[in-house]
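The primary structure of each chain is shown beneath.
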Amino acid sequence: MSENSTGPSTATKLIAEALGTFLLVFGSIGTALFASDFGTGANGTSLGVGFVGVALAFGLTLLAGIYTWGPISGGHFNPAVTVGLAAAGRFPWREAPGYIVAQVAGGALGTTLIVLIGLFGPTDWLSTAQDGGFASNGFGAQSPGGYGLGAAIIAEVLFTAIFLFVILGVTHAKRGTAGFAGLAIGLTLTAIHLASIPIDNTSVNPARSIATAIYGGGDALAQLWVFLLFPLVGGLLAGYVHRALFEPGGIAPAAAEARVK
């Protein structure tokens with residue numbers, strides 16, 4: 001279907017979702033792997049950007065993606081956001097599978113290009129990055145701070161739900177903040193990473209978790225289920241709770257579809 005007065009075609013929206021997720025993963029995971037602990041200064045301190053820089057990278061790339069491709073696809077770039085919006089009545093369920101496939105593909109492209117850059121880097125850069133898990137999410141021995149499975153589950157459900165509550169609030173048709181929505185969403189993602197990177201390297205986004213796990217080795221792949229399941233649980237909970245509390249009577253399916261076109 002070509003683009004017409006009803007809005008972008010399905011294909012255009014899926015491309016926008018893939019590109020936005022690519023930007024998010026490439027920029028943020030690239031920061032984590034290339035710049036977070038780069039070099040040592042003359043006084044012995046790291047020249048890298050650290051946790052703060054990585055958290056900002058996630059928020060800034062999301063913000064850029066929302067303002068660039070959000071007007072086309074809605075700027076989800078995250079399967080948990082897609083299912084959360086659908087649960088809240090803001091997005092048609094029938095379009096969710098296509099969005100999720102596009103997001104996973106975009107994220108995988110992002111880490112694949114990081115690997116290609118690493119192939120032309122210092123001799124041991126790529127192998128060291130992969131031995132270290134390639135910025136994958138993890139718990140137990142794979143957690144930056146040594147946090148266990150229970151902590152990872154609670155963090156992913158809670159922080160993803162918080163993220164969705166913010167998104168649903170600032171994008172509301174009547175109560176939202178219009179042009180400032182992208183800024184609020186990006187800063188929220190930054191704050192989430194500042195709080196939770198030490199717990200499990202912060203997922204709140206299954207596409208991001210898949211993208212790093214495919215290059216992170218056996219441990220990352222073995223623990224991936226946690227970072228697929230529980231962000232989705234958090235997104236669904238937030239969507240249904242928001243709909244029950246803040247959308248009296250719910251949103252009729254036709255109205256929901258109209259809102260996102």
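Please refer to the structure higher up on the page.
About the thresholds
- Residues numbered from 1 in each chain as written.
- Predicted model: local features only at pLDDT ≥ 70, side-chain atom pairs only at ≥ 80, totals over all residues.
- Heavy atoms only, no water.
- Helix = DSSP H or I, 4+ residues; strand = E, 2+ residues; numbered from the N terminus.
- Expected span 1.5 Å × (residues − 1).
- Bend = angle between axes of the 7 residues up to and from the residue.
- Core = buried A, V, L, I, M, F, W, Y, C linked by side-chain atoms within 4.5 Å.
- Buried < 20%, exposed > 50% of the residue type's maximum accessible area, 1.4 Å probe, protein only.
- Contact = heavy atoms within 4.5 Å.
- Patch = residues over 30% accessible without salt bridge, like charges linked within 9 Å, V, L, I, M, F, W, Y side chains within 5 Å.
- Areas by Shrake-Rupley, 256 points an atom, 1.4 Å probe, with all protein chains shown as cover.
- Salt bridge = Lys/Arg side-chain N within 4 Å of Asp/Glu carboxyl O.

A. The arrangement of helix H7 (residues 181–200) in detail. Compared with the 28 Å implied by 1.5 Å per residue over 20 residues, the 27 Å span of H7 between its first and last C-alpha is a close match. Maximum bend of H7: about 40 degrees, positioned at Leu194, with proline Pro198 one to four residues after it. Where H7 terminates, the next one or two residues include Asn201, which has phi positive at roughly 70 degrees.

B. The arrangement of the nonpolar core in detail. Ile29, Leu33, Leu62, Phe134, Phe163, Ile185 and Leu189 are the most contacted members of the largest nonpolar core, which totals 40 residues. Elements that contribute at least two residues to this core include exactly helix H1 (10–35), helix H2 (50–73), helix H3 (79–87), helix H4 (96–119), helix H5 (125–131), helix H6 (149–170) and H7. Top element by residues in this core is H6. It accounts for eight residues. Sequence-distant contacts of Leu189, that is, excluding residues within four places in its chain, are made with Leu24, Phe58, Gly59, Leu62, Phe163 and Val204. One finds Phe139, Ala152, Val226 and Phe227 within the second-largest nonpolar core, a separate group that totals six residues.

C. Inspection of a nonpolar patch on the surface at higher detail. Together, Val52, Leu56, Leu60 and Leu194 line one region of the surface with nonpolar side chains, adding up to about 370 Å² of accessible area. The element best represented in the nonpolar patch is H2, accounting for three residues. Tracing the sequence through the fold places Val52 in helix H2.

From the geometry alone we can't say anything about function, so treat these as descriptive.
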